[in-house]
Amino acid sequence: MTWSEMSPLLWEATGQTAVMVGWSTLFTVLFGLPLGVCLAGTDRGGLFPAPAVRRVLGLVVNVGRSLPFIVLMIAVIPVTRVLTGTTIGTAAAVVPLTIGAVPFFARLVETALREVGRDVVQAAEAMGAGRVTIVARVLLPEALPGLVAGLTVTVVTLISYSAMAGVIGGGGLGDLAVRYGYQRFETTLMVVTVVVLVVVVQLAQTLGDAVARRLSHR
């Protein structure tokens, strides 16, 4: 296969991967950030300690993190069909990607929030700040470098997950590698696809690290 034949396929597949990862990242932050705040806040010594709630949330998160992604994709097919009307394609792949990434990101959020000094929180409490205010204006801003670093790790994980989503018709670079590189024995295209994935991951990691460093020295 020549470059002129590979190029349109690579551009289309890269675009599909970007769409999958982009939407999945958005939904992961929307659901994972509040979940991580709840995990940290309901723990002993947290802003709103509730050990029973903490145990339930922890169990849900641990179950979500323990499932291999390929198994998760198959298990949530009924949910995917209800939400998107189909079980194949880029839109359908966003559902299992999000479900798989939310517990992972929530734990990273919890870890980042735990690293905020207790004295900072106590100072805010002494000034009369409420719990919501402390979370929004103290905990999250102070933990921002750690949150960005956690989000970077999550994005890299989502890129690898999106490649696996191609195995069951999710589209993207993984689907391209399976259909052409594996089924049609196009070794050159397989190698190029791997290189593109490596480059995308390196760009995401480098950008995330740079932002996290910038925030940590603000």
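Keep in mind it's a predicted model, so treat the numbers as computed, not measured.

So, on to the overall build of the chain. Broken down by element type, the chain carries 10 helices and 0 strands. Traced from its N-terminal end to its C-terminal end, the chain shows the element sequence α-α-α-α-α-α-α-α-α-α. The C-alpha extent of the chain, read off along each of the three principal axes, is 70 × 40 × 25 Å. Across the 218 residues that make up the chain, the buried fraction comes to 42%. If you take every contact in the chain between residues at least 6 apart in sequence, the share linking residues at least 24 apart comes to 72%. When the accessible surface of the chain is summed, it comes to about 11,700 Å², and 68% of that surface belongs to carbon and sulfur atoms. A gap of 9 Å separates the mean positions of the 15 positive and 11 negative side-chain charges of the chain.

The final tally for this structure, using the stated rule, is 4 salt bridges. Aspartate 43 is the salt-bridge partner of arginine 114, the closest N and O atoms lying 2.5 Å from each other. Here arginine 114 is found in helix 5 (residues 90-114), whereas its partner aspartate 43 is found in the loop between helix 1 (3-41) and helix 2 (51-66), with 71 residues between them in sequence. One network of salt bridges, with partners in common, ties together Asp43, Arg54, Arg107, Glu110 and Arg114.

This paragraph deals with helix 7 (residues 131-142). Taken together, the buried positions of helix 7 are occupied by Ile134, Val135, Val138 and Leu139. The buried residues of helix 7 all sit within an arc of 130° when viewed along its axis, so they share a single face. Along helix 7, the residues that are exposed and aim more than 90 degrees away from the buried face are Val132 and Arg137.

We now examine the side chain of arginine 54. As for its position among the elements, arginine 54 is in helix 2. For arginine 54, the side chain forms a polar contact with the side chain of glutamate 110, separated by 2.7 Å. Contacts of arginine 54, omitting those with residues within four sequence positions, involve Leu39, Thr42, Asp43, Arg107, Glu110 and Arg114.

Further remarks concern the packing of helix 8 (residues 144-165) against helix 10 (residues 187-216). Contact geometry for helix 8 and helix 10: axes closest at 8 Å, N-to-C directions at 170°. In this view, helix 8 runs roughly antiparallel relative to helix 10, as classed from their interaxial angle. Residue-level contacts link Leu144, Pro145, Val148, Ala149, Thr152, Val155, Val156, Ile159 and Ala163 of helix 8 to Leu197, Val200, Val201, Ala204, Gln205, Gly208, Asp209, Val211, Ala212, Leu215 and Ser216 of helix 10.

Another aspect to go through is the packing of aromatic side chains. Think of a pair of aromatic rings as described by two things: how far the centres are apart, and how the planes are tilted against each other in angle. On inspection of all chains with the given rule, the structure shows 2 aromatic pairs. Residues tryptophan 23 and phenylalanine 27 carry aromatic rings whose centres are separated by 5.9 Å and whose planes lie at 25° to one another, so their mutual orientation is stacked. Taken together, the residues tryptophan 23 and phenylalanine 27, both in helix 1 and 4 residues apart, mark about one turn of the helix. Between phenylalanine 69 and tyrosine 161, the aromatic rings sit 4.4 Å apart at their centres with planes inclined by 0°, giving stacked as the arrangement. Of this pair, phenylalanine 69 sits in helix 3 (residues 69-75) while tyrosine 161 sits in helix 8, placing them 92 residues apart in sequence. A relative accessible area of 6% places phenylalanine 69 in the buried class.

This part takes up the packing of helix 4 (residues 77-84) against helix 5. Close contact between helix 4 and helix 5 brings their axes to 9 Å; oriented N to C, the two are set at 130°. Relative to helix 5, the element helix 4 is oriented oblique. The interaxial crossing formed by helix 4 with helix 5 has right-handed handedness. Seen from helix 4, the contacting residues are Val79, Thr80, Leu83 and Thr84; seen from helix 5, they are Ala91, Ala92, Val95 and Pro96. The residue makeup of the contact of helix 4 with helix 5, split by class, is 6 nonpolar, 2 polar and no charged.

All right, on to the UniProt feature "transmembrane region" (unreviewed entry) in the chain then. Here the UniProt feature "transmembrane region" (unreviewed entry) sits at residues 20-40, 52-77, 83-106, 147-169 and 189-212. Helix makes up 88% of residues 52-77 and strand makes up 0%, while its end C-alpha atoms are separated by 31 Å. As annotated, residues 147-169 has a helix share of 83% and a strand share of 0%, and its two end C-alpha atoms lie 32 Å apart.

What counts, and at which threshold
- Residues numbered from 1 in each chain as written.
- Predicted model: local features only at pLDDT ≥ 70, side-chain atom pairs only at ≥ 80, totals over all residues.
- Heavy atoms only, no water.
- Helix = DSSP H or I, 4+ residues; strand = E, 2+ residues; numbered from the N terminus.
- Buried < 20%, exposed > 50% of the residue type's maximum accessible area, 1.4 Å probe, protein only.
- Contact = heavy atoms within 4.5 Å.
- Areas by Shrake-Rupley, 256 points an atom, 1.4 Å probe, with all protein chains shown as cover.
- Lys, Arg positive; Asp, Glu negative; His and termini not counted.
- Charge placed at Lys NZ, Arg CZ, Asp CG, Glu CD.
- Salt bridge = Lys/Arg side-chain N within 4 Å of Asp/Glu carboxyl O.
- Arc of directions from axis to C-beta.
- Polar contact = N/O pair within 3.5 Å; in protein donor to acceptor, adjacent residues only side chain to side chain.
- Axes fitted to C-alpha atoms, helices over the stretch in contact; angles between N-to-C directions.
- Parallel < 35°, antiparallel > 145°, perpendicular 65-115°, else oblique.
- Phe/Tyr/Trp six-rings, centres within 6.5 Å; stacked < 30°, edge-to-face > 60°.
- Left-handed = near helix turned anticlockwise from the far one by under 90°.
- Nonpolar A, V, L, I, M, F, W, Y, C, P; charged D, E, K, R; others polar.
- UniProt positions renumbered as here; feature names shortened; annotations may be inferred.

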